[in-house]
Amino acid sequence: MRATQKPVVIETVRGMCEALAAERAAGRTIALTPTLGALHDGHLSHLDRAAELADVMVVSIFVNPTQFSDAADLDKYPRTLEADLLALGAAGVHYVFVPTVEEMYPDGPTQTVVTAGRVGTLFEGASRHGHFDGVLTVVAKLLDIITPNVATFGQKDAQQLFLVRRMVRDLNLPVRIEAIETVREADGLALSSRNRFLDTNQRRAARSLSIALEAASSSAERGLDATLAAAQGALMGESLVQLDYLKIVHPQTFMPVDDGHHGPAIVILAAMLGTTRLIDNEPIYLG
Ligand code: PAF
């Protein structure tokens with residue numbers, strides 16, 4: 001069922017629970033797409049899948065302070081609520097949950113935290129201390145408030161997707177996690193709310209991230225070292241790209257693979273372009 005009218009915007013946990021209890025009582029299934037707002041076509045592609053999987057589409061827009069380790073990054077995060085609501089209305093979303101920080105954390109940051117474990121301290125977690133504990137805790141809260149049958153998460157945030165899936169398995173949460181493919185610009189740059197911060201030269205240089213992933217993918221049959229070398233080669237000479245990490249991880253553990261690994265893997269990378277941090281990844285098959 002795709003709505004034709006404006007979505008119902010709900011700011012309170014209680015209001016959200018009541019509205020969705022009525023939907024469930026009417027026998028309707030629920031899909032949740034959790035977001036930080038500043039929506040782009042990547043987010044909207046989640047809704048196409050959500051509409052296939054459930055009767056009622058719920059989007060949450062909440063810039064969750066506990067997942068930002070850097071106050072400046074939190075302040076700078078784009079807030080575009082009016083445009084977001086218009087886009088969600090056009091996409092047929094039924095409910096938009098837009099809680100305040102006080103509504104989500106009435107007693108201040110939660111005392112009970114879902115910890116992301118060892119994987120949560122690597123890669124994105126190494127540069128953004130506590131980031132994944134903040135993500136998992138707010139996702140657990142959102143899943144509890146909305147109790148969706150299915151929740152969508154982008155492949156672009158591969159480490160986040162891995163950790164959310166792991167949390168759902170570890171805690172036996174009754175929800176299906178649906179991975180949504182990364183949407184890219186014509187030149188390959190993965191869509192991100194942060195791309196708007198790139199100046200013209202940084203935007204041009206940002207292409208090299210997806211070029212590096214393509215180079216890795218084309219070299220994957222030659223093994224780990226050749227794959228890493230191909231990706232590094234593609235980034236060499238891009239002085240505006242300050243690489244944070246470029247790694248190849250196992251899809252089942254999200255730990256770096258060793259030389260002897262042959263089979264499915266994911267190339268992950270993060271880089272700073274000026275003050276803007278971009279991440280991207282590509283599944284590969286190591287020969
Ligand atoms: O990926 C995001 O947009 C956020 O980390 C999420 C899942 C909405 C949690 O705040």
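Residues numbered from 1 in each chain as written. Predicted model: local features only at pLDDT ≥ 70, side-chain atom pairs only at ≥ 80, totals over all residues. Heavy atoms only, no water.

Per an unreviewed UniProt entry, the chain goes by the name Pantothenate synthetase and belongs to Salinibacterium xinjiangense. The record in UniProt for the chain states the following under Subunit (unreviewed entry): "Homodimer." (UniProt positions renumbered as here; feature names shortened; annotations may be inferred.)

Take the sheet that holds strand S1 (residues 8-10) next. Spatially, 6 strands are ordered S1-S4-S3-S2-S5-S6 in an open sheet, and the strand pairing comes out parallel. One side of each edge strand has no neighbouring strand; the edge strands of this open sheet are S1 and strand S6 (176-180). Geometrically, the sheet is characterised by an average inter-axis angle of 25° between neighbouring strands, direction not taken into account. Sheet topology note: the strand S2 (residues 30-35)/strand S5 (residues 150-154) ladder contains 2 bridges and is parallel. Residue pairing across strands places Ala31 opposite Val150, the latter belonging to S5. (Pairing = 2+ DSSP bridges. Helix = DSSP H or I, 4+ residues; strand = E, 2+ residues; numbered from the N terminus. Axes fitted to C-alpha atoms, helices over the stretch in contact; angles between N-to-C directions.)

The subject of this paragraph is the UniProt feature "binding site: (R)-pantoate" (unreviewed entry) in the chain. Per the UniProt entry, the sites bearing "binding site: (R)-pantoate" (unreviewed entry) are Gln67 and Gln160 in this numbering. A stretch of 94 residues holds the annotated residues, and the largest C-alpha distance among them is 11.5 Å, short enough that they meet in one place. Given the relative accessible area of 7%, Gln67 is considered buried. Setting aside chain neighbours within four positions, we find Gln67 in contact with Leu36, Arg128, His131, Gly134, Val135 and Val138. For Gln67, the side chain forms a polar contact with the side chain of Asn64, separated by 3.0 Å. Its place among the elements puts Gln160 in helix H8 (residues 158-170). Setting aside residues no more than four positions away along its own chain, Gln160 makes contact with Phe132, Val135 and Phe153. (Buried < 20%, exposed > 50% of the residue type's maximum accessible area, 1.4 Å probe, protein only. Contact = heavy atoms within 4.5 Å. Polar contact = N/O pair within 3.5 Å; in protein donor to acceptor, adjacent residues only side chain to side chain.)

Another aspect to go through is the confidence of the model for the chain. Caution applies to low-pLDDT regions: their predicted coordinates should not be interpreted in detail. Of the residues in the chain, 98% have a pLDDT of 70 or more, and the chain-wide mean is 97. Of all helices and strands in the chain, the one with the weakest mean pLDDT is helix H3 (residues 71-76) (93), whereas S5 scores best (99). (pLDDT = per-residue confidence, 0-100.)

A few words on the UniProt feature "binding site: ATP" (unreviewed entry) in the chain. UniProt feature "binding site: ATP" (unreviewed entry): in the numbering of this structure it lies at Gly154, Gln155, Lys156, Asp157, Val183, Leu191, Ser192, Ser193 and Arg194. Within the secondary structure layout, Gln155 lies in the loop between S5 and H8. Given a relative accessible area of 29%, Gln155 falls into the partly exposed group. The contacts of Gln155, once residues within four sequence positions are left out, are Leu161, Ala179, Ile180, Glu181, Thr182 and Asn281.

In spatial order, the strands read S7-S8-S9; together these 3 strands make up an open sheet with antiparallel pairing. Because the sheet does not close on itself, it has two edges, and the strands there are strand S7 (242-249) and strand S9 (276-286). Between one strand axis and the next, the sheet turns through 15° on average, direction left out of account. Pairing of strand S8 (residues 263-273) with S9 involves 11 bridges; the strand directions are antiparallel. Note that in S9 the partner of Leu273 across the bridge is Thr276. In the packing of helix H9 (residues 200-219) onto the sheet, the strands contacted are S8 and S9, and the crossing angle to S8 comes to about 165°. In the packing of helix H10 (residues 224-235) onto the sheet, the strands contacted are S7 and S9, and the crossing angle to S7 comes to about 160°.

With that settled, consider the packing of aromatic side chains. The tally for this structure, following the rule as stated, stands at 5 aromatic pairs. Here Phe68 and Tyr77 contribute two aromatic rings whose centre-to-centre distance is 5.7 Å and whose plane-to-plane angle is 70°, an arrangement assigned as edge-to-face. The buried category is assigned to Phe68, whose relative accessible area is 10%. Aromatic pair Phe123 and Phe254: ring centres 6.0 Å apart, planes at 65°, arrangement edge-to-face. Of this pair, Phe123 sits in the loop between helix H5 (101-104) and helix H6 (124-127) while Phe254 sits in the loop between S7 and S8, placing them 131 residues apart in sequence. (Phe/Tyr/Trp six-rings, centres within 6.5 Å; stacked < 30°, edge-to-face > 60°.)

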